[in-house]
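Analysis of the macromolecular model
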Amino acid sequence: MATYYKIQSAPAPVSGRSRWKGLFSGMKQGDWFIVPKEHSTRARASAHLHLGKGMYKSYSVTDGVCIQVIKDIK
């Protein structure tokens, strides 16, 4: 039988998939950030998933891709 341990003194580990959700949930209208080109596809897909269609604008810049929130997130 397997043994399981309960650790209460440390926060639960964060999945690599949810790192974008924390970033997008804290953004307000007019906030923006630049993502390197190698991560641009994931960032755009995550913006579409967490912000929704028509809530953000993404465009290419020299350093990568800029993602800007254009409407308040509810």
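As shown above, the structure is provided for reference.
Here we summarise the structure given alongside this text. Note that this is a predicted model, so its numbers are computed, not measured. (Residues numbered from 1 in each chain as written. Predicted model: local features only at pLDDT ≥ 70, side-chain atom pairs only at ≥ 80, totals over all residues. Heavy atoms only, no water.)

With that settled, consider the nonpolar core. Within the largest apolar cluster, 13 residues are counted, with the highest numbers of intra-cluster contacts made by Trp20, Phe24, Phe33, Val35, Ala47, Leu51 and Ile67. Those elements that place two or more of their residues in this core are helix H1 (19-25), strand E1 (32-36), helix H2 (40-50) and strand E3 (64-69). Counting residues per element, this core draws most heavily on E3, at three residues. Look past the residues within four positions of Phe33 in its chain and what remains in contact with it is Trp20, Leu23, Phe24, Met27, Val65, Cys66 and Ile67. (Core = buried A, V, L, I, M, F, W, Y, C linked by side-chain atoms within 4.5 Å. Buried < 20%, exposed > 50% of the residue type's maximum accessible area, 1.4 Å probe, protein only. Helix = DSSP H or I, 4+ residues; strand = E, 2+ residues; numbered from the N terminus. Contact = heavy atoms within 4.5 Å.)

By the secondary structure assignment, Val35 is in strand E1. A relative accessible area of 5% places Val35 in the buried class. Considered as a pair, Val35 and Gly64 are 29 residues apart in the sequence and their alpha carbons are 5.6 Å apart. Among all residues touching Val35, those that are not within four sequence positions of it are Trp20, Ser40, Ala43, Asp63, Gly64, Val65 and Ile67.

With that settled, consider the pairing of strand E2 (residues 56-61). For E2 and E3, the ladder comprises six bridges, and the chain directions are antiparallel. Directly across from Tyr56, in E3, lies its bridge partner Val69. Here E2 folds back onto E3 in antiparallel fashion, the turn holding two residues. (Pairing = 2+ DSSP bridges.)

With respect to the helices and strands, the residue Ser40 is situated in helix H2. Every residue in contact with Ser40, bar those within four places of it in the chain, is listed here: Val35 and Val65.

What follows is about the packing of aromatic side chains. Inspection of the entire model under this criterion finds three aromatic pairs. Look at Trp20 and Phe24: their rings are 6.1 Å apart centre to centre, the planes differ by 20°, and that puts the pair in the stacked class. Here Phe24 and Trp20 lie together in helix H1, a separation of four residues that amounts to about one turn. Of the two residues examined, Trp20 and Phe24, each falls in the buried class. Site record: aromatic cluster; members linked through ring pairs are Trp20, Phe24 and Phe33. (Phe/Tyr/Trp six-rings, centres within 6.5 Å; stacked < 30°, edge-to-face > 60°.)

Right, let's get into the sheet that holds E3. Pairing within the open sheet is antiparallel, and its three strands lie in the order E1-E3-E2. Looking at which strands have only one partner, the edges of the open sheet turn out to be E1 and E2. The average angle at which neighbouring strand axes cross in this sheet is 25°, direction not considered. Pairing analysis gives five bridges linking E1 to E3, with the strands arranged antiparallel. By the bridge assignment for E3, Val35 is matched with Val65. Contacting E1, E2 and E3, H2 runs over the sheet at an angle of about 170° to E2. (Axes fitted to C-alpha atoms, helices over the stretch in contact; angles between N-to-C directions.)

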